[in-house]
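# Report on the structure
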Amino acid sequence: MVGAVAGVVLVVVVALLVLRSGMRVVNQVERGVVFRWGKALPGYRQPGITFLIPFADRMRKMNIQVVTMPVPTQEGITKDNVSVKVDAVVYFRVTDPVRAAIEVQDYVFAVGQVAQSSLRSIIGKSDLDDLLTDRERLHEGLALMIDSPAAEWGIHIDRVEIKDVQLPESLKRSMSRQAEAERERRARVITADGEFQAAQQLANASRIMSDTPEAMQLRLLQTVVEVAAEKNSTLVMPFPVELLRYFDRATKRLDQEVEKNDRELTGPDAADGSAAAAVDGSAAAAVDGSAALRAGIEQIAAVADKFAPPAEITPPEGTAPEITAPQIETPEITAPETTAP
């Protein structure tokens, strides 16, 4: 009886040991591929506890997480004959654990080699400008070149990115000079465009001011107000051009009157009485012209004092002299003496 109990206990212990040897735990990030007598089963074991047949089954765990694999720096010559060094990074994961365990011996090493050869190939097919600016298209081309063989191994390429492009030092200096020249060209174009627009606006303003001389005077007064805002500045007003024009017109009119009177006085048929009247008229006209000229000057000065800010007015040299009436001597007429017979 005791021997029978001991036998049962021994059998139970052996059964537990066998079950314990066949029990496996699959993690959440893994999938189990079971080989029975060396032949892979069609399905794979899910995460959790799974049991294998002792001495018949062997399980290989495959990680399904995304693998980040850096691609070593590859040196190549671009399509436009520039020697560059490029490195990249590949993101991939296992989608079919059975095929990844059967089709390829080491899928990580295989993907790395395909990535290196594809990177060298893409360097030779691209220009330097594409490597520096159009990287998105190169990333898509690299992913397609690597994903074609990897899909047969149960591997999916999530993304391929070029990390860095190393250029020769001489090429860097040439590119920096090119960039400086381009910036200088843009600066000059912008400056010239600004000067052109300013010249157009000034031309439009000059045409408007030429049509309305009052606008020129208002602009002059506005400039005077802006300059006179500083307390410690001395403002010298230029002599108004309009006042000079007024002097010119008044002087011409007065000269014409004097010449006319002179011609009348020196005429051969002029009588003595008419000569005296002409002399008196020319003198009166000269006096009236001088008075009118002074009145015009006083009126312009009053208008300037009213609208212009207080400023020191310094007339330029060579102003019009004061015009006075010419002094014409009237000959004395005496009657002839008569003697009595």
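Here, the structure is the one placed above.
## Focus on the overall build of the protein
- What the protein contains, in helices and strands, is nine helices and ten strands.
- Within the protein, the proportion of its 341 residues that are buried is 24%.
- Carbon and sulfur atoms provide 57% of the accessible area of the protein, an area that totals close to 23,800 Å².

## Regarding the sheet that holds strand β3 (residues 39–45)
- What the three strands build is an open sheet, ordered β3-β2-β5; its pairing is antiparallel. The open sheet has two edge strands, β3 and β5 (57–63), and neither has a second partner. Each strand of the sheet is rotated relative to its neighbour by a mean of 25°, with strand direction disregarded.
- Summarising the sheet, strand β2 (residues 30–36) and β5 pair through seven bridges and their orientation is antiparallel. In the strand pairing of β5, G32 is matched with K61.

## Here's the deal with a nonpolar patch on the surface
- A contiguous nonpolar surface patch, about 340 Å² in accessible area, is contributed by V5, V9, V13 and L17.
- Note on placement: V13 falls in helix α1 (residues 2–22).

## Things to note about the sheet that holds strand β8 (residues 155–166)
- The three strands lie next to each other as β6-β7-β8, forming an open sheet whose pairing is antiparallel. Every interior strand has two partners, whereas the edge strands, β6 (67–77) and β8, have only one. Taken pair by pair, the neighbouring strands of this sheet meet at an average axis angle of 25°, ignoring direction.
- Relative to β8, strand β7 (residues 83–94) is paired through ten bridges, and the arrangement is antiparallel.

## With respect to the environment of Y91
- Note on placement: Y91 falls in strand β7.
- The exposure class of Y91 is partly exposed, given its relative accessible area of 27%.
- Between the alpha carbons of Y91 and E161 there is a distance of 8.8 Å; along the sequence they are 70 residues apart.
- Contacts of Y91, omitting those with residues within four sequence positions, involve V66, V67, T68, H156, I157, D158 and R159.

## Let's talk about the pattern of salt bridges
- In this structure the tally under the stated criterion is nine salt bridges.
- We note a salt bridge from R93 to D158, for which the minimum N-O separation is 3.7 Å. With R93 in strand β7 and D158 in strand β8, the pair connects residues that are 65 residues apart, well separated along the chain.
- Several salt bridges share partner residues, and in doing so they unite D130, D134 and R137 into one network.

## So, the packing of helix α3 (residues 107–125) against helix α5 (residues 135–150)
- It is the contact of α3 with α5, at a shortest axis distance of 9 Å, that shows an interaxial angle of 140°. Judged by the angle between their axes, α3 and α5 are oblique. Seen along the crossing, α3 lies across α5 with a hand that is right-handed. Residues V111, V114, A115, S118, L119, S121 and I122 of α3 form the contact with α5, whose own contacting residues are L138, L142, M145, I146 and P149.
- Per-class residue counts for the contact of α3 with α5 are ten nonpolar, two polar and no charged.

## Considering the nonpolar core
- Grouped together as the largest cluster of nonpolar side chains are 39 residues, with contacts concentrated most on V84, V90, V111, I155 and I157.
- Those elements giving two or more residues to this core turn out to be β2, β6, β7, α2 (97–102), α3, α4 (128–133), α5 and β8.
- Here this core takes eight residues from α3, the largest share from any one element.

Reading the values: the criteria
Residues numbered from 1 in each chain as written. Predicted model: local features only at pLDDT ≥ 70, side-chain atom pairs only at ≥ 80, totals over all residues. Heavy atoms only, no water. Helix = DSSP H or I, 4+ residues; strand = E, 2+ residues; numbered from the N terminus. Buried < 20%, exposed > 50% of the residue type's maximum accessible area, 1.4 Å probe, protein only. Areas by Shrake-Rupley, 256 points an atom, 1.4 Å probe, with all protein chains shown as cover. Pairing = 2+ DSSP bridges. Axes fitted to C-alpha atoms, helices over the stretch in contact; angles between N-to-C directions. Patch = residues over 30% accessible without salt bridge, like charges linked within 9 Å, V, L, I, M, F, W, Y side chains within 5 Å. Salt bridge = Lys/Arg side-chain N within 4 Å of Asp/Glu carboxyl O. Contact = heavy atoms within 4.5 Å. Parallel < 35°, antiparallel > 145°, perpendicular 65-115°, else oblique. Left-handed = near helix turned anticlockwise from the far one by under 90°. Nonpolar A, V, L, I, M, F, W, Y, C, P; charged D, E, K, R; others polar. Core = buried A, V, L, I, M, F, W, Y, C linked by side-chain atoms within 4.5 Å.

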